[in-house]
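A structural walkthrough
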Amino acid sequence: CCMKIARVFPRRTSATPDDELAFINCSPPMLTLPEIDEVHISVAFTWDKPRAEPLALEWEITGVPVKLGGPAYNEPGGDFVPGRYLKQGYVITSRGCPNHCWFCSVPKREGGTLRELPITEGWKLLDDNILATSETHFRAVMRMLRNQSYAPILSGGLEAARLKDWQAELLAYIKPKEMFFAYDTPDDYEPLVEAGKILQRYGFTTKDQRARAYVLIGYQGDTVTAAEKRLRDTWEAGFLPFAMLYRDENAAVKNLDWAKFQRLWSRPVITVSKLINGT
């Protein structure tokens, strides 16, 4: 039979599992803890490590092996197990990315390569770079997403420079609720414009707000004026922008004005109002 693994998370997010063996920032409840074989302290963000490490010590009282790891420790991911570290519905079908972007930890964690995984069921796709996978794999993932009971959400950050017509046709075929591209550096803009043109040929428009784009803001040398221009340019390219505030390994936000700016540009209703009304 399968091992019973208690997973302990330093904080709850919208993707955190909610089954009886998922625990959030707590010591083991000894009186009600089901029989378990291992404890995994799962850490997604580097700024949660100071809390995660004491949690590992606290859970040693269970007397079963306790393992501390996750993306925050640059631990390469294995095959994806639905529901283990992410809530049911989330799915990962490949790990890694062939690019080496300065702000991204994925290449360092995954060895600078892309690995295709066995495809499991889910409708919230979190692959690092699904458009960089082989045609065979991409088509199989699209078939899986099309057969789900819920409209797919592709939130891993699609690389605009890799988008081809046949991929856009398949994206239209699966009828996504949302899909997120990325505008991280200045040289991403022209590919984003071209991707917008391709998507428009297959029925995606800013009006339906299905095509969205993460826009990185607040990194060293950035300004609010420059960031707002990128956000508005993203709309002109055919995407609803979503501001992503850059954080270092300590999650430091050096300027609270950036945090306020990010909140205003990460809420679709407010964003659309600002873009349409020019405010």
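Here, every reference points to the structure presented above.
As the structure is a prediction and not an experimental result, all values here were calculated from the model. Sequence order as written defines residue numbering, which begins from 1 separately in each chain. Reporting of local features is limited, given that this is a predicted model, to residues whose pLDDT is at least 70; pairs of side-chain atoms are given and counted only at 80 or more, and all residues count toward the totals for whole chains, interfaces and linings. Hydrogens and waters are ignored; side-chain quantities use all the structure's heavy atoms.

It is worth spelling out the overall build of the protein chain at this point. Only DSSP runs of H or I reaching four residues or more are called helices, and only runs of E reaching two or more are called strands; each is numbered from the N terminus. Broken down by element type, the protein chain carries 8 helices and 12 strands. Compactness check: the protein chain gives a C-alpha radius of gyration of 20 Å against a globular reference of 19 Å for 279 residues, within 12% of the reference. Counting only C-alpha atoms, the protein chain reaches 60 × 45 × 35 Å along its principal axes. For the exposure calls, accessible area comes from a 1.4 Å probe over protein chains only, and a residue counts as buried if that area is under 20% of its type's maximum, exposed if over 50%, partly exposed in between. Taking all 279 residues of the protein chain together, 47% fall into the buried category. We call two residues in contact when some of their heavy atoms are within 4.5 Å. Within the protein chain, contacts between residues separated by at least 24 positions form 68% of all contacts whose residues are at least 6 apart in sequence. Here the open area of atoms and residues is found with the Shrake-Rupley method and a 1.4 Å probe, where only the protein chains shown may cover a residue. In the structure as shown, the protein chain presents an accessible area of about 14500 Å², 52% of it carried by carbon and sulfur atoms. The charge count treats Lys and Arg as positive and Asp and Glu as negative. His and the chain ends do not count. To locate a charge, take NZ of a lysine, CZ of an arginine, CG of an aspartate or CD of a glutamate. Each charge sign in the protein chain was given a centre, from 35 positive and 35 negative side chains, and these centres are 5 Å apart. C-alpha atoms define the radius of gyration, and 2.2 Å times the number of residues to the power 0.38 defines the globule rule.

Turning our eyes to something else, we now look at the sheet that holds strand 1 (residues 5–9). Strand pairing follows a simple DSSP-based rule, namely that at least 2 bridges must link the two strands. The sheet built from 4 strands is open, its strands ordered 2-1-3-4 with parallel pairing. Only two strands of the sheet have a single neighbouring strand rather than two, namely strand 2 (22–24) and strand 4 (66–69). Each adjacent strand pair in this sheet contributes to an overall mean axis angle of 20°, direction not counted. Lines fitted to C-alpha atoms define the axes, with helix axes restricted to the stretch in contact, and inter-axis angles between N-to-C directions lie between 0 and 180 degrees. This element, helix 1 (residues 49–59), spans strand 1, strand 2, strand 3 (38–42) and strand 4 of the sheet and lies at about 170° to strand 3.

Most of strand 11 (residues 211–217) sits inside the fold, with 7 of its 7 residues counted as buried. Note: strand 10 (residues 178–183) against strand 11, 5 bridges, orientation parallel. Considered in strand 11, the bridge of Tyr 183 is made with Val 215.

The next point concerns the environment of Trp 235. Relative to the helices and strands, Trp 235 is located in helix 6 (residues 224–236). Overall, the relative accessible area of 16% leaves Trp 235 in the buried class.

Extensive coverage of strand 3 is indicated by the burial of 5 of its 5 residues. Relative to strand 3, strand 1 runs parallel, the two being bridged by 4 bridges. In the strand pairing of strand 3, Ile 5 is matched with Glu 38. Across 4 bridges, the pairing between strand 3 and strand 4 is parallel. Bridging across to strand 4, His 40 finds its partner in Lys 67. In this view, the connection linking strand 3 to its parallel neighbour strand 4 by way of helix 1 has right-handed handedness. Clockwise travel from the first strand over the helix to the second, with the strands pointing away from the viewer, marks a crossover as right-handed.

Next up on the list: helix 7 (residues 256–264). For helix 7, the set of buried residues is Trp 258, Ala 259, Phe 261 and Gln 262. Burial along helix 7 is one-sided: seen end-on, the buried residues are contained in an arc of 165°. Turned more than 90 degrees from where helix 7 packs its buried face, Leu 256, Asp 257 and Lys 260 sit exposed. Against the buried residues of helix 7 lie strand 11, helix 6 and strand 12 (240–245). Think of the arc as the fan of directions from the helix axis to the C-beta atoms.

Let's shift gears to the state of the cysteines. Defined by distance alone, a disulfide is two cysteine sulfur atoms within 2.5 Å. Scanning all chains against the criterion turns up 0 disulfides. The thiol of Cys 97 is not disulfide-bonded; the next cysteine sulfur, from Cys 101, is found 6.3 Å away. Under the relative-accessibility criterion, Cys 97 is labelled buried at 11%.

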